[in-house]
Amino acid sequence: MTTVCFPFVGDLIGGSHVSAAGLIRRLDRARYTPLVLLQHPNGAMARFFAEAGIATEPAPLSPEMVHGRAVSPAGAARLVATSLRLRDYLRARGIGIVHSNDGRSHATWGLAAKLARARLLWHHRGAPDAMGLRMVAPLLADRVVSVSAFSAPKPGRYSAAARTRVIRSPFDHHMQHDRAEARAALAALIPPGGGTRYVAYAGVMIERKRPLLFVDAIAALHARRPELDVAGVMFGEALDGMDEQVRARAAAAGVADRIHLLGHRTPGGYWLAASDVLMVPAVDEPFGRTLVEAMLVGTPVVATRSGGNVEAIAHERTGLLVAAEDADALADGCARVLGEPALAARIARDAATDARARFGEQAHADAIMAVYDEMLAAGAR
């Protein structure tokens, strides 16, 4: 039996944690024992894993020890010192595999895994040109798992491409929510006159996900089809003052009363089920979780023809794909879904069937365990 270490740095919950929890629940305990380590053992992440029924332990470092940047001499020295301590910890715990799931965990635990002679699985959910993927993964990672072909490393003389597998993120394909009940709950949050047809944005509000483009698209949709009485509902945490930028953009576009910032809400699928359509304006999104969750709960998706979106959606069959960076195209796509009930019903039905067939948790766990088997077999030779 091999112990697989899942270290997590920071305390902000994201898609990587949801995916990791799905994997950990499905691991074959006769072959692999998970060890989940948290930098903040009493924070939001600890509560998240506890609610998922997953035991965790404190990581063997204080929060202050992981903030230095390796690009400076002081940061490099701190990284080496940290890695030596973590190497000793991995050896003492008999860790066979370190499975890192995000950039900070790669940076904190990658060298330590190498020094401890543990296998390192580098789970990549970011851009294909990420510096760590290009410069560090070829040196440290025994295997790279990419969530989409778009985000996978490009081949080259110095590249981890030959050691990379594309494995889609896992989803609970039994996810079900009462859409009427969810819709009533959402309607209770919208003030009178704020719209009755709900177009959702779901995810952290950062530039790459284009929340301002969402506002522009809602403004275009309202101007073109006022009879649809559209409300733009935004679920997610705003970073770097993006909430104020969204409000300012909405006011300038004349739709301040139709843009509703509702914050991070769980379970995400419930609020997606409450919505008439999910708009995904993001550009170069590696593989969006909310997109597939919407498919699973029967909410049609209108997404940009960019990044991993094209790997998740078949245009006109399981969703609509439109030009990137184009508010009018997003508005037109949403207008089609809202104005053509038969189209919306067909897309919702076919998308749910497709998502359940392709993105189940067990299939994901089996694929990851096959990668673990490869790494251990290679290390034994």
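Structure shown above.
The rules behind the values
Residues numbered from 1 in each chain as written. Predicted model: local features only at pLDDT ≥ 70, side-chain atom pairs only at ≥ 80, totals over all residues. Heavy atoms only, no water. Helix = DSSP H or I, 4+ residues; strand = E, 2+ residues; numbered from the N terminus. Rg over C-alpha atoms; globule rule 2.2 N^0.38 Å. Buried < 20%, exposed > 50% of the residue type's maximum accessible area, 1.4 Å probe, protein only. Contact = heavy atoms within 4.5 Å. Areas by Shrake-Rupley, 256 points an atom, 1.4 Å probe, with all protein chains shown as cover. Pairing = 2+ DSSP bridges. Axes fitted to C-alpha atoms, helices over the stretch in contact; angles between N-to-C directions. Right-handed = clockwise from strand over helix to strand, strands pointing away. Left-handed = near helix turned anticlockwise from the far one by under 90°. Nonpolar A, V, L, I, M, F, W, Y, C, P; charged D, E, K, R; others polar. Salt bridge = Lys/Arg side-chain N within 4 Å of Asp/Glu carboxyl O. Patch = residues over 30% accessible without salt bridge, like charges linked within 9 Å, V, L, I, M, F, W, Y side chains within 5 Å.

> Describe the overall build of the chain, listing the residues and the values that go with them.
A tally of helices and strands in the chain yields 14 helices and 13 strands. Its C-alpha atoms give the chain a radius of gyration of 22 Å, within 12% of the compact-globule value 21 Å for 381 residues. Along the first, second and third principal axes, the C-alpha atoms of the chain reach 65 × 40 × 40 Å. Looking at the chain as a whole, 52% of its 381 residues are labelled buried. Within the chain, counting contacts between residues at least 6 apart in sequence, those at least 24 apart form 67% of the total. Of the accessible surface of the chain, which amounts to about 16000 Å², a share of 55% is contributed by carbon and sulfur atoms.

> I'd like a description of the sheet that holds strand S13 (residues 320-322), backed by residues and values.
Strand order in the open sheet formed by six strands is S10-S9-S8-S11-S12-S13, with parallel pairing between adjacent strands. Each edge of the open sheet is held by one strand with a lone partner, namely strand S10 (259-263) and S13. When strand polarity is set aside, the average angle formed by the axes of neighbouring strands in this sheet is 25°. Looking at chain direction, strand S9 (residues 230-235) and S10 are connected through four bridges and run parallel. Residue Phe235 lies in a different strand from S10, and its bridge partner there is Gly263. In the packing of helix H7 (residues 211-224) onto the sheet, the strands contacted are strand S8 (197-202), S9, S10 and strand S11 (277-280), and the crossing angle to S9 comes to about 170°. Helix-sheet contacts for helix H12 (residues 327-339) involve S8, S9, S11, strand S12 (301-304) and S13, and the interaxial angle to S11 is about 165°.

> Give me the sheet that holds strand S6 (residues 143-146): which residues, what numbers.
With respect to topology, seven strands assemble into an open sheet ordered S3-S2-S1-S4-S5-S6-S7, the strand pairing being parallel. Looking at strand neighbours, the two that pair on one side only are strand S3 (57-58) and strand S7 (164-166), the edges of this open sheet. Bridging between strand S4 (residues 95-100) and strand S5 (residues 119-124) involves four bridges; their strand directions are parallel. Bridge pairing in S5 places Ser100 opposite Trp122.

> How would you summarise the pairing of S12 if you had to cite specific residues and measurements?
Burial along S12 is two-sided: Val301 and Ala303 and Val302 and Thr304, pointing in opposite directions, are all buried. Two strands pair when backbone bridges link them, and S11 and S12 are joined in this way by three bridges, in the parallel orientation. Residue pairing across strands places Val280 opposite Ala303, the latter belonging to S12. Handedness of the S11-helix H10 (residues 289-297)-S12 crossover: right-handed. Bridge count for S12 against S13 is three bridges, and the pairing is parallel. In the strand pairing of S13, Val302 is matched with Leu320.

> I'd like to hear about the environment of His222, residue by residue, with values.
Take His222: it is sitting in helix H7. Its relative accessible area of 23% is what places His222 among the partly exposed residues. In this view, His222 contacts Val255 and Arg258; residues no more than four positions away in its chain are not counted.

> Break down the packing of H10 against helix H13 (residues 341-358) for me, with residues and values.
Angle between the axes and distance between the axes are the two parameters that describe a pair of packed helices. It is at 7 Å that the axes of H10 and H13 come closest, and there the two elements cross at 115°. Between H10 and H13 lies a crossing whose hand is left-handed. Counting all contacts with H10, which are made through Val292, Met295 and Leu296, the residues of H13 involved are Ala348, Ala351, Ala352, Asp354, Ala355 and Arg356. Its residues placed into classes, the contact of H10 with H13 shows seven nonpolar, no polar and two charged.

> Got a sec to walk through the pattern of salt bridges? Specific residues and values, please.
The final tally for this structure, using the stated rule, is 29 salt bridges. Measuring nitrogen to oxygen at the nearest pair gives 3.0 Å for the salt bridge that ties Glu361 to Arg25. With Glu361 in helix H14 (residues 361-380) and Arg25 in helix H1 (residues 15-26), this pair connects stretches of sequence that are 336 residues apart. Classification of Glu361 as buried rests on a relative accessible area of 7%. Residue classification places Arg25 among the partly exposed positions, given a relative accessible area of 42%. We note a salt bridge from Arg247 to Glu244, for which the minimum N-O separation is 3.1 Å. Of this pair, Arg247 and Glu244 are both found in helix H8 (residues 242-252), three residues apart, which corresponds to roughly one turn of the helix. A residue is classified by how much of its surface remains accessible, and Arg247, at 41% relative accessible area, is partly exposed. A single network of salt bridges, built from pairs that share partners, joins Arg25, Arg26 and Glu361.

> Could you give an account of a nonpolar patch on the surface, with specific residues and numbers?
A cluster of nonpolar residues, Met131, Met135, Val136, Leu139 and Tyr158, forms a patch on the protein surface that exposes about 520 Å² of accessible area. Counting through the fold element by element, Val136 comes out in helix H5 (residues 131-140).

> Which residues make up the packing of H1 against helix H2 (residues 44-51), and what values do they have?
Running from N to C, H1 and H2 cross one another at 35°; their axes reach a closest spacing of 11 Å. Considering the relative orientation of H1 and H2, their crossing is right-handed. Together, His17, Val18, Ala21 and Ile24 of H1 and Met45, Phe48 and Phe49 of H2 make up the contact between the two elements. Its residues placed into classes, the contact of H1 with H2 shows six nonpolar, one polar and no charged.

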